[in-house]
Amino acid sequence: MLKRLLAPIRNTSGLARWILVAGILITAVFVIFAIFAPWIAPYGFKQVSANGVPFPKMAPPSGQHWLGTNDQFFDILSRIIWGARTEITVVALSVILAVLVGVPVGLASGFVGGWIDRVLVFLMDALYAFPSLLLAIVFAFLLQGPLGGGIVAAALALTAIYIPQYYRVVRSTTVSAREATYVEAARAIGARNGTIMGRYLFGNVIQSVPVIATLNAADAISILASLGFLGLGIQPTQAAEWGYDLSRALDDAAAGIWWTALFPGLAIVLLVTGLTLVGEGLNETVNPTLRKRRFRKVVMPTREPSTALATGEVEV
Amino acid sequence: MSAGSGSLPRYIGQRVLLVIPMILVLLTVVFLLLRVAPGNPVTASVGGKLSPQAIALREHKLGLDQPLYVQYGEYLKNVVTFNFGNTISDNRPVIDVIRDNGGATLTLTIGAFIFALLIGIPLGLLAGRMRDTFPDVLIRLFGVVTYAAPIFWTGLMLVILVAPWGWPTYDIASPETKFLVPTHTHILLVDAIISGNMGATLDVLQHHLLPCLTLGLLLCGVFIRLVRVNLLQSLQGDYVEAARARGIPEKFVIRRHAFRNALVPVITVIGLQVALTMAGAVLTEKTFNWPGIGNQLVKYLDARDYNAVQGLVTFFAVVVVIASVLVDIVNALIDPRVRY
């Protein structure tokens, strides 16, 4: 299991490996923040006083508040650490949901074909052409009413914009794999459609999903923050959210108060960069056109020149 | 008639015809989302402020008491005539909102593309030429970070940097300029130039710098990546090999043979970026309190004004689709392989 998980790292070399390792490290820090937020964060995300002493308003970074406090008396470092929990929960939820819907629908649509396929392609293409932030805005705007501005509403709004991506990729791979010899062979031995899709096609069309999922996760973080910035994301009383904090910082920036804006933004940049690096790194290991494998030592058999030709190849 | 001369108009015709179902799907999605969703648009926006009779009157005026398919037909008919309905919260035609604020969004996005190309193309070419060296890594990192950075954060950081020098960080022009420049085209920059008031023009341009740079930085990452990858690909092309084989110095090989081909896809990508730019404009406008359509959208989202949101989102959708068609046509004009 561990060996399989580490395979992408082992298969790469040079820059690609560094990109992957750096990405994993950055992401891991935020995942740790997310899991252990109550123990790592010095204060709660909506705590405004400690031991009966109220926090100062918009205090610059100090020993007591490492990254300062904002206009709502909150401790910024704590908001960032708790925010990691919010962002990662929402994004994980939305990516999982999008995969769970997009992959099977894409697989079935590509395999079955017909008019359902055509209608779905058209619908998904239209959704895909739409600016994703605007789509998320519309969904968040609608879901805010019935679901309130919570984690579930935000995750569903993001799910809606990522489903078309999985659908498109999985469907197009399915369409090209459908006529492959191994599928024909499966059909010849009497496999039913469900079996062919589940046992034969699934493993082959799923290859590029991890790459898309990581890149989507990166994108989802910035869209979630954007929704928060526009006041459509998670409501401040429910959880800490970086985008919301940045919208509060808007009025302070021109007055030269930099810490309320700098740190939550840096958190977004780091997490998005980390996830993007993981995606790029994975892409370089999965995508054969980008892959540069390490050179292996060439072992030349000493005797029998006829077999030496066949086995003594250099892997490139 | 030869196949070559007949195929271009046919391609364009097909492409334009394909737009109609595409826009139809987008419109249907927008309509279904905003109309069929639970909650009444009128009460969501002005509920509690008006008497039940007044609300019923408004609903009747907006046609909300009609069956859904009638509303849908009405909506499509209106969109065709560029009538996006009236806002509920302040009862203005949405098209007026677009007219009054569209100019600011237009100049913002054009300025952003100029910055994105000015920054993105040279950096992309440099990174491609120096593949896998330190400058390449640095430039790629720059591209990743500017793309990763939320646009409003980039904007905030720029504001913090320039605010001490008194550079304008807010709105499209000073109140004085807005008062002095007469409205002709609803595009303030153009109006200021027409009025011949140098001071006003300069003021408007100064106000443009930060928002355009902010949005441009978001877009430039895409161009860096694209130009870099294309340069790498075209450097592997046979014609580059051939040029090298003829003994042409490397810098001419790159400049004359590889660069040019690496730049062709930029035009396509400009079109694809329109969607991203529209989304970015909404955020940029909120950050700089820019009087564009995006800021209006945010305002109406806050007011929970379904009609205004529907109208403005429809407008964005139409713009994105039209831009994608224009790009395809331009592509077909410059690249014969597209139209076969």
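What counts, and where the lines are drawn
Residues numbered from 1 in each chain as written. Chains lettered and ligands numbered in written order. Predicted model: local features only at pLDDT ≥ 70, side-chain atom pairs only at ≥ 80, totals over all residues. Helix = DSSP H or I, 4+ residues; strand = E, 2+ residues; numbered from the N terminus. Buried ≥ 20, exposed ≤ 12 C-beta atoms within 10 Å, placed from the backbone. Contact = placed C-beta atoms within 7 Å. Domains from an automatic or database assignment. Nonpolar A, V, L, I, M, F, W, Y, C, P; charged D, E, K, R; others polar. Core = buried A, V, L, I, M, F, W, Y, C linked by C-beta atoms within 7 Å. pLDDT = per-residue confidence, 0-100. Axes fitted to C-alpha atoms, helices over the stretch in contact; angles between N-to-C directions. Parallel < 35°, antiparallel > 145°, perpendicular 65-115°, else oblique. Left-handed = near helix turned anticlockwise from the far one by under 90°.

Chemist: Residue-level account of the overall build of chain A, with values.
Modeler: Broken down by element type, chain A carries 13 helices and two strands. Taken across its 316 residues, chain A has 46% of its residues classed as buried. In chain A, once contacts between residues fewer than 6 apart in sequence are set aside, the share between residues at least 24 apart is 70%.

Chemist: Residues and numbers for the overall build of chain B, please.
Modeler: Along its length, chain B carries 15 helices and zero strands. Considered along the principal axes of its C-alpha atoms, chain B spans approximately 85 × 60 × 40 Å. Burial status across chain B gives 41% buried among its 340 residues. Looking at chain B alone, contacts between residues at least 24 apart form 74% of all its contacts between residues at least 6 apart.

Chemist: Provide a residue-level description of the domain arrangement of chain B, including the pertinent values.
Modeler: All names here are of chain B. On domain assignment, one finds that chain B holds domain 1 (1-89 + 306-319 + 333-340) and domain 2 (107-302). Taking the mean C-alpha position of each, domain 1 and domain 2 sit 30 Å from one another. Facing the nine residues of domain 1 at the interface are eight residues of domain 2. Taken together, the residues of the side of domain 1 that touches domain 2 sort by class into six nonpolar, two polar and one charged.

Chemist: Pulling in residues and values, what's your account of the environment of Ser174(B)?
Modeler: Inspection of the secondary structure puts Ser174(B) in the loop between helix H7 (151-162) and helix H8 (175-180). Along the chain, Ser174(B) and Asp191(B) lie 17 residues apart, while their C-alpha atoms are 15 Å from each other.

Chemist: Report on the nonpolar core, specifying residues and quantitative values.
Modeler: Counting residues in each nonpolar core, the largest one holds 179 residues, and the members touching the most others are Ala136(A), Ile137(A), Ala140(A), Ala154(A), Leu158(A) and Ile221(A). Here this core spans two domains, and each of domain 1 (1-89 + 306-319 + 333-340) and domain 2 (107-302) of chain B adds at least three residues to it. Setting aside anything within four residues of it in sequence, one finds Ile137(A) in contact with Leu227(A), Leu230(A), Leu232(A) and Leu301(B).

Chemist: Tell me about helix H11 (residues 238-245) of chain B, residues and numbers included.
Modeler: Since the α-helix turns once every 3.6 residues, residues separated by three or four places project in the same direction. For H11(B), the buried fraction is low: zero of the eight residues fall into the buried class. In the segment just after H11(B), Gly247(B) is the residue with positive phi, at about 85°.

Chemist: I'd like to hear about helix H8 (residues 181-188) of chain A, residue by residue, with values.
Modeler: Across the eight residues of H8(A), zero count as buried, placing the element largely on the outside. Positive phi appears at Gly190(A), one or two residues downstream of H8(A), with a value of about 90°.

Chemist: Can you tell me about the interface of chain A and chain B, naming the residues and giving the values?
Modeler: Across the boundary between the two partners, chain A contributes 38 residues, which contact 41 residues of chain B. When residues of the side of chain A that touches chain B are traced back to their parent elements, those giving at least two are helix H5 (114-129), helix H6 (132-147), helix H10 (209-229), helix H11 (242-253) and helix H12 (259-286) of chain A. Sort the elements by how many residues they give to the side of chain A that touches chain B and H6(A) lands first, with nine residues. Taken together, the residues that form the side of chain A that touches chain B break down as 29 nonpolar, nine polar and no charged.

Chemist: With reference to specific residues and values, describe unusual backbone geometry.
Modeler: All names here are of chain B. Backbone geometry places Asp171, a non-glycine residue, at a positive phi of 70°. Mapped onto the secondary structure, Asp171 falls in the loop between H7 and H8. Judged by the 16 C-beta atoms lying within 10 Å of it, Asp171 falls in the partly exposed class. Located in the positive-phi region is Arg304, a residue other than glycine, with phi close to 50°. As for its position among the elements, Arg304 is in the loop between helix H13 (293-302) and helix H14 (306-334). By the C-beta count within 10 Å, which is 20 here, Arg304 ends up buried.

Chemist: How would you explain the confidence of the model for chain B if you had to name every residue and give the values?
Modeler: Residues and elements named next belong to chain B. A residue-level look at chain B finds 93% of positions with pLDDT of 70 or above and a mean pLDDT of 83. Looking at the elements of chain B, mean pLDDT is at its lowest for helix H15 (residues 336-339), recorded as 65, and at its highest for helix H5 (residues 94-129), recorded as 91. Here residues 1-5 is modelled with pLDDT under 50, and outside its nearest four sequence neighbours on either side it reaches one contact, counting other chains as well. With pTM at 0.83, the complex prediction returns an ipTM value of 0.82.

Chemist: Requested: an account of the packing of helix H7 (residues 151-178) of chain A against H10(A), with residues and values cited.
Modeler: Packed helices, taken two at a time, are described by the angle between their axes plus the distance between the axes. Residues and elements named next belong to chain A. At a closest axis distance of 10 Å, the pairing of H7 and H10 adopts a crossing angle of 150°. When the interaxial angle is binned, H7 and H10 end up roughly antiparallel. As H7 packs across H10, the resulting crossing turns out to be right-handed. Where H7 abuts H10, its residues Ala154, Leu158, Tyr162, Gln165, Tyr166 and Val169 lie against Val209, Ile212, Asn216, Ala220, Ile223, Leu224 and Leu227. Here the contact of H7 with H10 is built from residues that sort into 11 nonpolar, two polar and no charged.

Chemist: Outline the environment of Leu123(A), listing residues and values.
Modeler: As for its placement among the helices and strands, Leu123(A) is situated in helix H5. Residues Leu123(A) and Arg171(A) lie 48 residues apart in sequence; the distance between their C-alpha atoms is 13 Å.

Chemist: Help me get a handle on the confidence of the model for chain A, residues and values and all.
Modeler: Note that predicted coordinates carrying low pLDDT should not be read in detail. All names here are of chain A. Of the residues in chain A, 87% reach a pLDDT of 70 or more, and the chain-wide mean stands at 82. By mean pLDDT, the top-scoring element of chain A is helix H4 (residues 76-112) (91), and the lowest-scoring one is helix H13 (residues 305-311) (50). In this model residues 312-316 is a low-confidence stretch, pLDDT under 50, and it forms seven contacts with partners more than four residues away in sequence or in other chains.

Chemist: Pulling in residues and values, what's your account of the packing of H10(A) against H12(A)?
Modeler: Residues and elements named next belong to chain A. Put simply, H10 and H12 touch, their axes get as near as 8 Å, and they point 165° apart. One finds that H10 runs roughly antiparallel with respect to H12. Where H10 crosses over H12, the two elements pack in a sense that is left-handed. Contact residues: Pro210, Val211, Thr214, Leu215, Ala217, Ala218, Ile221, Ser222 and Ala225 in H10; Ile268, Leu271, Val272, Leu275, Thr276, Val278, Gly279, Leu282, Asn283 and Val286 in H12. In terms of residue class, the contact of H10 with H12 is made up of 14 nonpolar, five polar and no charged.

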